[in-house]
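Chain and residue survey
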Amino acid sequence: MGRQLSLLCCYLGIFLASQVATGLGQKGASVSVRARWQGTPYLLEAAEFLVDEAPQLYWQFLDVLRLADGLNSSTCWHSIVDQTSQLCLPQVAKILPVVLGVRQYSARLEMFRQLSKQLYPAAQESCCFVDVDRNIVTEPGQLAAALKHAAKCKQKPGKGCNSTQLQEADHVYNPDEQDNLDAVIAILHGAPGTECWSAFHEALKQAATEATDSMPVVYAFRPVLSAACKAAHPCATLGTEEQLVLPGYGVEAVLKNMEYSAMDDKSKADAAAAAANRAAAAAGGDGADLADLGEVKGFKFDVLAKRKPELVQELMTFRDVLLSSDDEETIKVWEVKDAGLQAASRVAAASDPLRLLAEISQNFPSIVSSLTRQQVPSSLRSQVQQNQRMISPGANFIMLNGMLMEVKNFELYSFLDRLRIELRLSGQLQGLGLDKGLVNKLLETRVDDNADGLNELRLDLSPMRQVVWLNNPEKDKQYKHLSSHTRLLLNMYPGRLSPMAANVMTLVAIGNPLSPECSALPEIYQRLHDRLFPVRMGMLPVVPEAIARAEARREQPGKTVDMPTWKEMSTVEKFTRAMLTIKSAFGPSAAYQFWYSMAGEASKLSASNAKTAETLLNTAFTTGWTNAAKVASSNKAKVAAKKTPAAAWKDLQNGSGYSSEAGMQLAEISSYLLSKGLAHLPKPAWWLNGLLNQISDPASVDHDIGYAIMLEMQTMQEHIYFGRIDDEQSVLESVMELMLSVGRWNPRVLGMDDDSDASMMVLADAFKHPAVANLTYLHTKTTASRVKPVTHWVIADLSNPRGRNLASAAVEFLLNPDGEMEPADSRSALMLAPKAGPTVLDVAVLAAQQQFADDPKLLQLLALLLREHEGLGVAASALSVKHQKKFQELAKEAGLSGADAGKLDSVQVEAATATLQAMKDLVASTLQLPPGTGAVITNGRVIWDHSPWDDASGPALVAEDFELLQLYAESFQPGGALAKVIKSGRSSKDKGSGPQLSTAASSDVVMVAASALASQVYPDSRFGSLAAKQINEVLGSLRGKSISAGPPKDQTELLMTAILNPLTREAQRMSQILLLLQDVLNPSVSIHLNPQADLSELPLKSFYRYALPEFTRGDDGRIGLPGAPSAYFNRLPLKRVLTLNLELPESWLVEPTMALHDFDNLRLVDVPEQVAYAEYELEAIMLTGSCSEVASAGKGGLKGKLPPPRGLQLHLGTPEQPHQVDTSVMQNLGYFQLKASPGLWQLSIAPGRSRDLYEMVSATDGSSLDTHLGYSWGSRKSSSSSSSSDQGLTGHTTDVATQVLLQSFTGKHL
């Protein structure tokens, strides 16, 4: 009760301040911004809100929507909010009134309205109409005939047959048919709540549901409330009463020429300071004489302060308002020195600090004179000084649930999107039965996300016995006179290596040795070797034929693979065998000389026919053998020198002598490349101390290697300086231990491939499917009782060899506890989804998991079933005693206890059939993967092995790839951090406070939480987890108590933590935003004040307001219909000249439409009205983008750095009027911007010189590499191609134009 009374007094004080100010002649100003279109219905905006949660919710909302009769505006509002909230998460529903209040989806609805006017001008007199492949239907009775006619046109195109096109934002009832070229497209334009809409909606739903293969129908809906709708329900028109008023902008009222006396009044300062201290001490509430507060304009503040000592700071602010009526009060330089500290002191001592922060920051010019009389406690000054050793003085940061938010370039709609993301994540996790406190801890683990660390990931090639080494500085005699101490590296300038007898760097070439990329390396190797640099160099030759043989041996162990004869070998295999033969005979130096001699002839050798290539290779080999024999020094080399080059060549052809060793070496190298994932690199590469770099341009490889050596040298120097690398251990081994490294390379699995098809999905809904409860999770021995950070769902069709191999790889990973990654951190579930019916093998695998789930030998049985599957591939209906016997034999061989009791009969067939059907439904309906798919879902991350339509879709996943999947989930996603939080909660949880999660349930929580967190893309993506982690660490070290508002942290979904300088624009803006959130969403707010000390000028010279709608709660606590937003200044100086400026979102362009007074030079004393009004209109929403110039034949180079086009002009308009707005592309950055509004636009190259020189190759939506333009000399080439890589452009891109759909207040970037 006391707290409520204090707040009441605070609000009363502020209210009295405004009333007294009014009585004293104070006046104000009000600014509003309107859109150019009429308001849109709240009902349709609520439906759009659901679309962004899940498209299917939109159609559910339309089906369950009920609009009762006799509702007024207030009850309609509550009805809309209530019916929408029932379909989304309760946590997300909390932000629905705010989203509707700020009209976030009005731009999208206006886009639909403009689209309807642009494409169907003749149909605007109809309240509802349907476009059936360009045939307009205005009556429901005509719909069936129109659909039949359109179906006939699809079968036999002819006169009167047209087709319509869907747009990106269209709501499609049956999206599965959306890409069917034979489908009839029917697009309904209308709005629920009108008389005509229901009949069309039900008819089109029925047509889409009952459509046959011969007549498929795609039902799409564009919500448009036409002006022709005369009889609409009042709830359907709520929000359309007036022109749309917009929020989301700031307004500042700047005092012109606001100067203070800059005199050095030190003589007067002491006396004035003493008087000020007496008054400030009274306000400080530290027991001083409150009588010094005195009486101001009839208010006896000494009496009020004695009666309400807890409200002294609020009373002081009220007193400041009264004192600020003196417009001519002068501020001295020395008086503002501690203004930041004084503001912080007053805010920190307030009973409602958040509201007082807004009052002081937004009205600072009227408060500053009395604020400077505030005494600063020495403890506060000391705390601020200590804190500013860790953070910059005056810096501002805001964190939402542990993640950094944009503060300086704040944008309201993006901020609401971010809040909604947090509420959605919290709701998904609370849906697992977790309390809010644990959910908040799980969300805070995002600061440990290390996705950027992928760029520093290294490949460990050890053991490196198969590398063909060309030198060894630590042992070669050329280096013996040099020092081998690694600390000498500290004396070298970065990038300038000096000769050393140490393997500081290890450089390995990987690829076809005759390729142009690899042929550029021998010369670089020679230069490094001649200068005696501490770089050990080697190569791993990649021979495709040898790789294929190694793969065959791996897939079928023990099976003999036929070796090719010399004539059957490719040129690259012959060359590689020749090089390995010379190495076996004479050593690595001779092999290198042979490779170096062939580098110049590589292109000629590869392009020649077999006979010419044979001759070139023979000549090079005999020359290399002769030269090596002349300088033979070792005993082995001297023996080899006795063999003539011709005899050696003959042995090479026959595979005998030294060549026999070369054949075995090549086989070992190929197997080694397979195990390391290097056998199928798209391009040759070079490897430096674990860093793998593909060679894209042979001409630049020298520069690239030199630059990499310079960077690596700096890393080495750092580690040597701190003693992490010394002479006791190999440098390469030390580097692999210090850096995060992997033993196998698979960019597809690691997410490092730009063309990777890896995707993320949230698994919260999947866990609601009954099939998930019946999954059997496989663990390594004795680890089933652990909480697992990583969960693999292995989706496989065991009737497919690739599917069996995938399942076998998952089992093999768990069977290998000695792998580089600890498999005890993973669990796997086989999710069988055969394309056809179940087989005996399916039944056997499911029966084994059901009957021996708790047996540690289950993995061995599954491995045997998958490996010895012969005879088990028949249909399950053909199950026989023979299959039962084999099942029991394999169980015995696996060592399972009770193997004889294992059953495989009709009961298992029936149970397996039901289980398989449930799994197939889970895979198809919830996971959206077709049956027959081979894929692994690791903590929500989907990695494809093969599709049901293409069995040979890239290299198959192997057991080592599961190690990489686990590494990615633990190190680069929050799986590991989440598991720690769950384990901590289980160990510290009070057993009396509620049920404790089981081990399996805890692992489920980790999996779902990891999928939810990793799937989310945040609007403020420029802030990484590293920055958030650093700020979190600083927050934990700050001294002093933060100011708090809202409920405790474990009782809310939103935790707002801020570091704010109270006298900055950020504080002016965010204090008002936080007050809105406190009233509507009730977050837990914690603010650390970070004032700027020793100010030399006024930090704020303007009043400020941020335009937000007004939300009020009724007697029942529910949020009512929001008021129109505006920026209202309730008290401003009368005699001072003010300039009112708008702080707009970056994508807005506004123009004034009504202002009775000059808002650039406003004196309120000259304004006869009590409030000076100004109204602006949203003239345009900016369409921005960037262009890159692409050579006509340079499509493959789209991912590199491309120059901007020179002198390019662009037009924006419609197909009927293509030139409404134009611009020129900036030559230095390729940037452009155009004025637009919600709707469908055509962006085109301007006719004339621009169109003669350029053509539009492709266009994307929102990427860093956006519009690509081909350049051709002279006239535009007709052979050029065009494409669209994103639905954001609706798929309509020609060689001169592309379509753009603008549907957001935040604009659009191409």
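Rules of the game
Residues numbered from 1 in each chain as written. Predicted model: local features only at pLDDT ≥ 70, side-chain atom pairs only at ≥ 80, totals over all residues. Heavy atoms only, no water. Pairing = 2+ DSSP bridges. Helix = DSSP H or I, 4+ residues; strand = E, 2+ residues; numbered from the N terminus. Axes fitted to C-alpha atoms, helices over the stretch in contact; angles between N-to-C directions. Contact = heavy atoms within 4.5 Å. Buried < 20%, exposed > 50% of the residue type's maximum accessible area, 1.4 Å probe, protein only. Core = buried A, V, L, I, M, F, W, Y, C linked by side-chain atoms within 4.5 Å. pLDDT = per-residue confidence, 0-100. Disulfide = S-S within 2.5 Å. Phe/Tyr/Trp six-rings, centres within 6.5 Å; stacked < 30°, edge-to-face > 60°. Lys NZ or Arg CZ within 6 Å of the ring centre and 35° of its normal. Parallel < 35°, antiparallel > 145°, perpendicular 65-115°, else oblique. Nonpolar A, V, L, I, M, F, W, Y, C, P; charged D, E, K, R; others polar.

As a further point, take the pairing of strand E11 (residues 397-400). Walk down a regular strand and you will see the side chains alternate between the two sheet faces. Two elements, E11 and strand E27 (residues 1055-1060), share four bridges in a ladder whose sense is antiparallel. Counted as the bridge partner of Phe397 is Ile1059 from E27. Bridge count for E11 against strand E12 (residues 403-404) is two bridges, and the pairing is antiparallel. Along E12, the bridge assignment pairs Met399 with Leu404. Hairpin connection between E11 and E12: a loop of two residues separates the two successive antiparallel strands, and Asn401 in this loop has a positive phi of roughly 55°.

Another aspect to go through is the sheet that holds strand E35 (residues 1221-1224). Here four strands make up an open sheet; going across it, the order is E35-E34-E37-E41 and the pairing antiparallel. At either end of the open sheet lies a strand with only one pairing partner, and these are E35 and strand E41 (1297-1302). Adjacent strand axes in the sheet meet at a mean angle of 25° when their direction is disregarded. Bridge count between strand E37 (residues 1239-1245) and E41: six bridges; the pairing is antiparallel. Residue pairing for E41: Leu1243 is matched across the bridge by Thr1298. Most of the contacts of helix H7 (residues 106-119) go to E37, to which it runs at about 70°, and overall it touches E37 and E41.

Our focus in this paragraph is the environment of Asp905. Structurally, Asp905 can be placed in the loop between helix H37 (881-894) and helix H38 (906-926). C-alpha separation for the pair Asp905 and Leu879, spaced 26 residues apart in sequence, amounts to 7.2 Å.

This paragraph deals with the pairing of strand E29 (residues 1102-1106). Counting buried residues in E29 gives five out of five residues, a clear majority hidden from the surface. Residue alternation in E29 divides its side chains into two sets, Ser1102, Tyr1104 and Tyr1106 and Phe1103 and Arg1105, and both sets are buried. Where strand E8 (residues 250-255) and E29 come together, five bridges link them in antiparallel fashion. Pairing of Val251 across the sheet is with Arg1105, part of E29.

Ranked by size, the top nonpolar core spans 173 residues in total, and within it Val132, Ile1087, Leu1140 and Phe1305 carry the most contacts. With eight residues, the top contributor of residues to this core is helix H2 (residues 42-51). Each residue touching Ile1087, except ones within four places of it in the same chain, is listed here: Leu354, Leu357, Ser1042, Ile1043, Ala1058, Leu1060 and Leu1074. Counting residues in each nonpolar core, the second largest holds 172 residues, with Ile547, Ala578, Leu678 and Met1007 among its members.

The next subject is the confidence of the model for the protein chain. Per-residue confidence for the protein chain gives a mean pLDDT of 83; residues scoring 70 or more make up 86%. Here residues 1-24 scores under 50 on pLDDT; set against residues more than four positions off or in separate chains, the count is 25 contacts. For residues 258-269, every residue scores under 50 in pLDDT, and the model assigns this stretch 20 contacts once sequence neighbours within four places are set aside.

The next subject is the sheet that holds strand E25 (residues 941-946). Each strand in a sheet pairs with its neighbour through backbone hydrogen bonds, running either in the same direction (parallel) or in the opposite one (antiparallel). A sheet is described by the order of its strands in space; here six strands give the open sequence E20-E25-E24-E22-E23-E21, paired in mixed fashion. Two strands lie at the open edges of the sheet, namely strand E20 (759-760) and strand E21 (777-778), each paired on one side alone. Of the pairings in the sheet, the one linking E20 to E25 comprises two bridges and is antiparallel in character. Bridge assignment links Met760 to a residue of E25, and that residue is Arg941. Strands strand E22 (790-796) and strand E23 (826-832) of the sheet are contacted by H38, whose axis makes an angle of about 105° with E23. In this fold helix H39 (residues 959-972) packs onto E22, E23, strand E24 (934-938) and E25, with an angle of close to 135° to the strand it touches most, E22.

Let us look at the side chain of Thr1057. By secondary structure assignment, the location of Thr1057 is in strand E27. Judged by its relative accessible area of 17%, Thr1057 is buried. For Thr1057, the contacting residues outside a window of four places in its chain are Phe397, Ile398, Met399, Leu1035 and Ser1086.

This brings us to helix H15 (residues 353-362). With respect to burial, H15 is a largely interior element, nine of its ten residues being buried. Listed as buried for H15 are Pro353, Leu354, Leu356, Leu357, Ala358, Glu359, Ile360, Ser361 and Gln362.

Let us look at the state of the cysteines. Applying the stated criterion across every chain yields a total of three disulfides. Between the sulfur atoms of Cys128 and its disulfide mate Cys196 the distance is 2.0 Å. Here the S-S torsion is close to 65°, and the disulfide linking Cys128 with Cys196 is therefore right-handed. With Cys128 in the loop between H7 and strand E2 (129-132) and Cys196 in the loop between strand E5 (184-190) and helix H9 (197-209), this pair connects stretches of sequence that are 68 residues apart. Given a relative accessible area of 2%, Cys128 falls into the buried group.

Further remarks concern the environment of Ala647. Positionally, Ala647 belongs in helix H28 (residues 645-654). A relative accessible area of 29% means that Ala647 is categorised as partly exposed. For the pair Ala647 and Thr622, spaced 25 residues apart in the sequence, the C-alpha separation amounts to 9.6 Å.

All right, on to the packing of aromatic side chains then. Scanning the entire structure with this criterion turns up 25 aromatic pairs. Residues Tyr968 and Phe972 carry aromatic rings whose centres are separated by 5.9 Å and whose planes lie at 55° to one another, so their mutual orientation is tilted. Linking Tyr968 with Phe972, this pair stays in helix H39, spanning four residues, or about one helical turn. Accessibility assignment for this pair places Tyr968 and Phe972 in one class, buried. An aromatic cluster of at least three residues, connected via ring pairs, comprises Tyr58, Trp59, Tyr173, Trp197, Tyr219 and Phe221. The cationic tip of Arg420 hangs over the ring face of Phe49; the distance from NZ or CZ to the ring centre is 3.7 Å.

The next subject is the packing of helix H22 (residues 544-555) against helix H29 (residues 658-676). Between H22 and H29, the shortest axis-to-axis distance is 9 Å and the interhelical angle comes to 70°. One element, H22, and the other, H29, form an angle in the roughly perpendicular class. Residue-level inspection shows Ala546, Ile547, Arg549, Ala550, Glu551, Arg553 and Arg554 of H22 in contact with H29, the latter providing Leu666, Ala667, Ser670, Ser671, Leu673, Leu674 and Ser675. Of the residues contributing to the contact of H22 with H29, the split by class is seven nonpolar, three polar and four charged.

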